[in-house]
Amino acid sequence: MQTKALVVIDIQNDITKHYRDIVDNINAAIEWAVSKGMQVVYIKHNNITAGTRTFKPGTRGEELAPELKVVSDNIFVKTKSNALTSEAFATFIAGNGITEFYVTGADATGCVKSTCFNMRKAGYTVHVLSDCITSYDLKKLPEMLAYYEKQGCELINLGAKLINNHQTAASLNEKAMRRTQEP
């Protein structure tokens, strides 16, 4: 049983600032996770606080962004910053024996931060895909990356990892081809 999951946090229509800058990276991360046999999980925020206008249940704003690749029915709703507060998500984690998470999404200073902190506190292994997170305030991203590391999360630049894997695979293929052509 695969014990790893890619978690996509709050990439919804009401995340209006900067998500388009990372959605292609997140889609690449989703393809990567699928190729590795990982669970792919989507977390949606629902704002149930009176007087607020965004992320309201049943509105277009709370729907996953249309550019986001959806490859599973593992879509869970939270009403607080920490994704682990979703009982359905917590049950899914326990039921599937998931112990390791690759985290993407928004906002790096809010829901991503809270989820990573609480996952580490619960003893899970957490990897933050640094090129797959964003914030309303991009100036805070370096501070947030340092925070994640301080909490024991591993930072991974997925783009660099995929390029390195592709180059390694190409190099191995080239060497294999040379061997088959040798007399």
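The following paragraphs examine the structure supplied in this document. Computed from a prediction, not measured in an experiment: that's the story for all the values here. (Residues numbered from 1 in each chain as written. Predicted model: local features only at pLDDT ≥ 70, side-chain atom pairs only at ≥ 80, totals over all residues. Heavy atoms only, no water.)

**Here we look at the state of the cysteines**
Reasoning step 1: For the coordinates displayed, the defined rule picks out zero disulfides.
Reasoning step 2: Looking at the unpaired Cys153, the closest cysteine sulfur is the one in Cys116, lying at 4.6 Å.
Reasoning step 3: Among the residues examined, Cys153 registers a relative accessible area of 5% and is labelled buried. (Disulfide = S-S within 2.5 Å. Buried < 20%, exposed > 50% of the residue type's maximum accessible area, 1.4 Å probe, protein only.)

**Comments concerning unusual backbone geometry**
Reasoning step 1: Here the amide bond leading from Ala106 into Asp107 is cis, since omega sits at -10°, within 30 degrees of zero.
Reasoning step 2: Within the secondary structure layout, Asp107 lies in the loop between strand E4 (100-105) and helix H3 (111-121).
Reasoning step 3: Although it is not a glycine, Asp10 sits at a positive phi angle of roughly 55°.
Reasoning step 4: Considering the arrangement of structural elements, one finds Asp10 in the loop between strand E1 (4-9) and helix H1 (19-35). (Helix = DSSP H or I, 4+ residues; strand = E, 2+ residues; numbered from the N terminus.)

**Notes on the nonpolar core**
Reasoning step 1: Ile43, Phe89, Phe101, Val103, Cys116, Met119 and Tyr148 are the most contacted members of the largest nonpolar core, which has 26 residues in total.
Reasoning step 2: Elements supplying a minimum of two residues to this core: E1, strand E2 (39-45), helix H2 (87-96), E4, H3, strand E5 (125-133) and helix H4 (141-150).
Reasoning step 3: Sorting elements by how many residues they give to this core places H3 first, with four residues.
Reasoning step 4: Setting aside chain neighbours within four positions, we find Phe89 in contact with Val7, Val41, Ile43, Phe76, Ala83, Leu84, Phe101 and Met119. (Core = buried A, V, L, I, M, F, W, Y, C linked by side-chain atoms within 4.5 Å. Contact = heavy atoms within 4.5 Å.)

**Some points on the packing of H3 against H4**
Reasoning step 1: Where H3 contacts H4, the two axes come as close as 10 Å, and the packing angle between them is 10°. As the angle between them shows, H3 and H4 are arranged roughly parallel. On the side of H3, the interface is formed by Val112, Lys113, Cys116 and Phe117, while H4 contributes Met144, Tyr147 and Tyr148.
Reasoning step 2: The class makeup of the residues in the contact of H3 with H4 is six nonpolar, no polar and one charged. (Axes fitted to C-alpha atoms, helices over the stretch in contact; angles between N-to-C directions. Parallel < 35°, antiparallel > 145°, perpendicular 65-115°, else oblique. Nonpolar A, V, L, I, M, F, W, Y, C, P; charged D, E, K, R; others polar.)

**Overview of H1**
Spacing of three or four residues puts side chains on the same side of an α-helix, whose turn is 3.6 residues.
Reasoning step 1: An ideal rise of 1.5 Å per residue puts 24 Å on 17 residues; H1 measures up with 24 Å between its terminal C-alpha atoms.
Reasoning step 2: Looking only at H1, the buried set comprises Tyr19, Ile22, Val23, Ile26, Asn27, Ala29, Ile30, Trp32 and Ala33.
Reasoning step 3: Phi turns positive one or two residues past the end of H1, at Gly37, with a value near 75°. (Expected span 1.5 Å × (residues − 1).)

**A closer look at H4**
Reasoning step 1: Burial in H4 covers these residues: Leu141, Met144 and Tyr148. Seen from one end, H4 has its buried residues packed into an arc of 60°, which puts them on one side. In H4, the exposed positions that point more than 90 degrees away from the buried face belong to Pro142, Glu143 and Lys150.
Reasoning step 2: Positioned one or two residues after H4, Gly152 has a phi angle of 95°, which is positive. (Arc of directions from axis to C-beta.)

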